[in-house]
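Report on the structure
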Amino acid sequence: LITEIRDDRSPTTEGASISEATDKLVEMWKSVKENNGMRGLSFGIPKLDLELGGMAKGDLVVFAGAPSMGKSVSMLQAASASMSEGKRVLIFSLEMEQEQVAARLYSCLCGVDFSKTLTGLNCTKFDFKKIKEGADTIKKSNSRIFDAGDQSIEYIETISKVENDRCPVDLIVIDYYQLIESPDHKDDLKRLEYVSRRLKQLAKTIKVPLVTGAQLNEHGKVHGSKALGKDANILLRIHADEKNSGYVVDKSRNTQRGQFIPCSLNGAKQRFE
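All residue numbers here refer to positions counted from 1 along the written sequence of the relevant chain. Owing to the predicted nature of the model, reporting of local features is limited to residues with pLDDT of at least 70; listing and counting of side-chain atom pairs is limited to 80 or more, with chain, interface and lining totals taken over all residues. To obtain the side-chain values, all non-hydrogen atoms of the structure were used and water was disregarded.

**Digging into the pairing of strand β4 (residues 171–175)**
Operational definition: Relative accessible area decides the class of each residue, using a 1.4 Å probe on protein chains only: under 20% of the type maximum gives buried, over 50% gives exposed, and in between gives partly exposed. Only runs of H or I of at least four residues qualify as helices and only runs of E of at least two qualify as strands under DSSP, and these elements are numbered from the N terminus. Pairing between strands requires that DSSP locate at least two bridges from one strand to the other. By definition, the crossover connecting two strands over a helix is right-handed if that path, from the first strand to the second, turns clockwise as seen with the strands pointing away from the viewer.
With respect to burial, β4 is a largely interior element, 5 of its 5 residues being buried. What you see with β4 is no split at all: L171, V173 and D175 on one side and I172 and I174 on the other are buried throughout. Pairing of strand β2 (residues 89–93) with β4, which is carried by 5 bridges, proceeds in the parallel orientation. Considered in β4, the bridge of L90 is made with I172. As judged from the 3 bridges shared by β4 and strand β5 (residues 210–215), these two strands associate in the parallel manner. Bridge pairing in β5 places I172 opposite L210. For the crossover from β4 across helix α8 (residues 188–206) to β5, the handedness is right-handed.

Here is the structure:
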């Protein structure tokens, strides 16, 4: 059946023939089958993986929420899941220092309380052993953290491309999108629209999932711009009230949208469970 729908035109430098696209599709089928139904990298949250099939190459994935709802936790949980599998992750932290990022990663990856990984106080020998094991795992992934406070979209693009040329990157995490600078755009709305489009282009250019976070305004919408919601492949809104907590799938281009995926934030372990 596959050979019957192929286009036998010779490959060109612009675009792809149907034959080439079909070959890529068959490769994806094989990859999904070998990866237990996953289209790409794990979110690090089994319930999300089950519903959404992971994060595929070129996906722009957005965790949206009000302050202190777990956006950074969600992003770094995805990062730690990839690192634990030896995947190379670039983390651009525009809000936290690199040592704070490391403490959160160790808490999530090793299950040691964040208060311990952040300060080193009250750690038992067993805690230190688990942190060391986590450090060894992360080192093998050859991942990098960039924590300058004035990172522009051009800076993030350049670093990502240079690092990918140096050694292939598997995942890019940016915490978070509204803080990314763009000196050529003084108007805040235009800056956010421009940054959103460039993030999507970066994910497609390097062919990796790009995960970022977005603040919600008082109306529960992505703060400052609708563009990110349009550009995102997956938009997950973090919800919590007295009755339930979890993720609302506001957008998913390849799966059902609108469903609620229950899970709760474990602040001590810096992860959703």
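**What about the side chain of S160?**
In plain terms, the rule: Whether two residues are in contact is decided by their heavy atoms, any of which lying within 4.5 Å being enough.
Mapped onto the elements of the fold, S160 is located in helix α7 (residues 153–166). Dropping the residues within four chain positions of it, S160 is found in contact with L90, F92, I172, L202 and I206.

**Describing the pairing of strand β6 (residues 234–240)**
Taken residue by residue, a regular strand's side chains alternate between the two faces of the sheet. Pairing analysis gives 4 bridges linking strand β1 (residues 60–65) to β6, with the strands arranged parallel. Bridge pairing in β6 places A64 opposite R237. As paired elements, β6 and strand β7 (residues 245–252) share 7 bridges and run antiparallel to each other. What sits directly across from R237, in β7, is V248.

**Quick notes on the pattern of salt bridges**
Opposite charge on two side chains permits them to pair, given that their charged atoms come into close proximity. The condition that has to hold: By definition, a salt bridge exists where a carboxyl oxygen of Asp or Glu is found within 4 Å of a side-chain nitrogen of Lys or Arg.
Using the criterion set out here, one finds 9 salt bridges in the structure. The closest approach of N and O atoms between D127 and K116, which form a salt bridge, is 3.0 Å. Placement of the pair is D127 in helix α6 (residues 125–141) and K116 in helix α5 (residues 114–119), with a sequence separation of 11 residues. Just as D127 is buried, K116 falls in that class too. In this structure, D250 and R237 form a salt bridge, with 2.8 Å as the shortest nitrogen-oxygen distance. Pair noted here: D250 is in strand β7 and R237 is in strand β6, with a separation of 13 residues, a long-range link. For D250, a relative accessible area of 31% gives the class partly exposed. Residue classification places R237 among the partly exposed residues on the basis of a relative accessible area of 24%.

This is a description of form; function is not addressed.
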